[in-house]
Amino acid sequence: MESYALLLAATLNAGTVLALASLGLLINEKAGIVNLGAEGMMLCAALAAFVAVVHSGSDVLGFLAGVGASALLAALFGALVIWLNTNQYATGLALSLFGAGFSAFAGIGYVQEKLPERLHFVVPLLGDIPLLGPALFRQHPMVYLAIAFVGWLVWFLYRSRAGLVLRSVGESPESAHALGYPVRWIRLAAVVAGGALCGLAGAYLILVYTPLWVEGMVAGRGWIALALTTFATWRPARVLLGAYLFGGVTMLQFHLQGAGVDVATQFLTMLPYLATIVVLALISRNPTWIRVNMPASLGKPFHPGT
């Protein structure tokens with residue numbers, strides 16, 4: 001039972017990275033923008049967070065540096081696709097490639113660096129409950145903030161006027177523009193907010209989940225997060241559920257290896273990516289279901305006055 005409690009704790013830890021990045025991409029796509037650069041933004045954010053903590057010793061500055069670096073890249077992406085009308089898919093891929101290359105180059109000198117000793121968090125009283133304590137109440141505060149953020153995002157998107165405007169921009173930017181809303185600025189704000197969340201995911205990855213810098217350490221999580229938005233049919237609560245599902249698959253490989261299961265390590269390592277492909281294949285069998293839930297103007301450029 002203790003091993004299962006530790007597996008659940010690891011699942012929450014791993015799923016938080018995917019949840020934060022996926023929620024950021026969901027905000028982008030609710031506004032009609034597809035950003036394929038999550039992988040690159042997360043890598044740059046992870047490096048910025050790592051460098052900040054190495055030189056300052058402050059995790060708070062690390063998280064702020066990660067968020068700032070990713071938000072800056074997202075703003076650049078937004079300026080290109082929203083004002084210069086570059087292709088969203090090509091620009092996103094370029095951002096991903098740039099982030100991977102730049103982080104590898106700039107991070108060479110930090111491969112051997114070590115972070116200060118990590119803090120351990122325990123919820124008073126609840127953390128001492130047998131089994132449930134180690135599984136649920138000894139997590140980093142960012143885990144609980146991610147869960148709370150999902151609840152806030154549901155309210156924002158479906159119960160607030162600002163959320164309605166954001167969704168209208170993703171559904172019909174022409175109608176929103178005709179009503180006097182600044183469609184381009186709203187889309188830019190959504191892109192920057194989504195980039196900030198991807199940066200938070202990258203910072204969490206390197207400061208909490210795997211506290212060391214290694215080239216390419218995001219290891220495809222940005223692409224899995226992108227797939228999660230479709231898997232969840234653009235619903236925040238489903239994004240959180242899907243993130244924990246994929247986080248559990250990721251952690252299952254280590255649990256099976258620790259249990260001595262005689263399975264090739266290469267097969268266990270590919271489980272999260274295999275699960276992503278299987279889920280997308282199953283969803284793609286019903287294109288009508290995707291089309292009904294997908295923002296109508298997703299990936300389509302908007303030209304005011306045309």
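Quick caveat: nothing in here was measured; it's all calculated off a predicted structure.

Section: helix H2 (residues 38-56)
Right, so step 1: Look at H2: 26 Å from first C-alpha to last across 19 residues, which is about the 27 Å you get at 1.5 Å a residue.
Right, so step 2: Most of H2 sits out of view: 14 of its 19 residues are buried.

Examining the nonpolar core
Right, so step 1: The biggest cluster of nonpolar side chains holds 85 residues, and the ones touching the most others in it are Ile206 and Trp213.
Right, so step 2: Among the elements that take part in this core, helix H9 (residues 183-209) stands out by supplying 15 residues, more than any other.
Right, so step 3: Not counting residues within four places of it along the chain, the set of residues in contact with Trp213 comprises Leu43, Ala46, Leu47, Phe50, Ser103, Gly107, Tyr110, Val111 and Ile206.

What to know about the environment of Leu20
Right, so step 1: Along the chain, the position of Leu20 falls in helix H1 (residues 2-30).
Right, so step 2: If sequence neighbours within four positions are ignored, Leu20 has contacts with Met142, Ala146, Leu197, Leu200 and Ala201.

Regarding the pattern of salt bridges
Right, so step 1: Summed over all chains, the structure comprises 1 salt bridge.
Right, so step 2: With a shortest N-O distance of 2.9 Å, Asp59 and Arg118 are connected by a salt bridge. In this pair, Asp59 sits in helix H3 (residues 59-83) while Arg118 sits in the loop between helix H4 (88-106) and helix H5 (132-136), placing the two residues 59 residues apart along the sequence.

What to know about the packing of H1 against helix H10 (residues 221-231)
Geometry of a packed helix pair, given as the angle between the helix axes and the separation of the axes.
Right, so step 1: Axis separation between H1 and H10 bottoms out at 8 Å; the angle between their running directions is 55°. Put simply, H1 runs oblique to H10. Considering the relative orientation of H1 and H10, their crossing is right-handed. Counting all contacts with H1, which are made through Val17, Leu18, Ala21, Ser22, Leu25, Leu26 and Glu29, the residues of H10 involved are Arg221, Gly222, Ile224, Ala225, Leu226, Leu228 and Thr229.
Right, so step 2: Taken together, the residues that form the contact of H1 with H10 break down as 9 nonpolar, 3 polar and 2 charged.

Remarks on helix H7 (residues 161-171)
Right, so step 1: The complete set of buried residues in H7 reads Gly163, Val165, Leu166, Val169 and Gly170. Taken end-on, H7 shows its buried residues confined to a sector of 160°, consistent with a single buried face.
Right, so step 2: Of the surrounding elements, those touching the buried residues of H7 are H1, helix H6 (141-159), helix H8 (173-178) and H9.

Description of the packing of aromatic side chains
Right, so step 1: Counting across every chain of the model gives 5 aromatic pairs.
Right, so step 2: Between Phe231 and Phe246, the ring centres sit 5.9 Å apart and the planes meet at 85°, which makes this aromatic pair edge-to-face. In this pair, Phe231 is assigned in helix H10 and Phe246 in helix H11 (residues 236-258), connecting sequence segments 15 residues apart.
Right, so step 3: Classification of Phe231 by relative accessible area gives partly exposed; the value is 24%.
Right, so step 4: Accessibility expressed as a relative area gives 4% for Phe246, which makes it buried.

Quick look at the confidence of the model for the protein
Right, so step 1: Per-residue pLDDT for the protein averages 91, and the proportion of residues at 70 or more is 99%.
Right, so step 2: The weakest mean pLDDT in the protein belongs to helix H12 (residues 265-269) at 74; the strongest belongs to H3 at 97.

Considering a nonpolar patch on the surface
Right, so step 1: Residues Val261, Val263, Phe267, Met270, Tyr273, Leu274, Val278 and Leu282 make up a contiguous nonpolar surface patch of about 630 Å² in total accessible area.
Right, so step 2: With respect to the helices and strands, Leu274 occurs in helix H13 (residues 271-284).
Right, so step 3: With a relative accessible area of 34%, Leu274 lands in the partly exposed category.

Quick notes on the rules
Residues numbered from 1 in each chain as written. Predicted model: local features only at pLDDT ≥ 70, side-chain atom pairs only at ≥ 80, totals over all residues. Heavy atoms only, no water. Helix = DSSP H or I, 4+ residues; strand = E, 2+ residues; numbered from the N terminus. Expected span 1.5 Å × (residues − 1). Buried < 20%, exposed > 50% of the residue type's maximum accessible area, 1.4 Å probe, protein only. Core = buried A, V, L, I, M, F, W, Y, C linked by side-chain atoms within 4.5 Å. Contact = heavy atoms within 4.5 Å. Salt bridge = Lys/Arg side-chain N within 4 Å of Asp/Glu carboxyl O. Axes fitted to C-alpha atoms, helices over the stretch in contact; angles between N-to-C directions. Parallel < 35°, antiparallel > 145°, perpendicular 65-115°, else oblique. Left-handed = near helix turned anticlockwise from the far one by under 90°. Nonpolar A, V, L, I, M, F, W, Y, C, P; charged D, E, K, R; others polar. Arc of directions from axis to C-beta. Phe/Tyr/Trp six-rings, centres within 6.5 Å; stacked < 30°, edge-to-face > 60°. pLDDT = per-residue confidence, 0-100. Patch = residues over 30% accessible without salt bridge, like charges linked within 9 Å, V, L, I, M, F, W, Y side chains within 5 Å. Areas by Shrake-Rupley, 256 points an atom, 1.4 Å probe, with all protein chains shown as cover.

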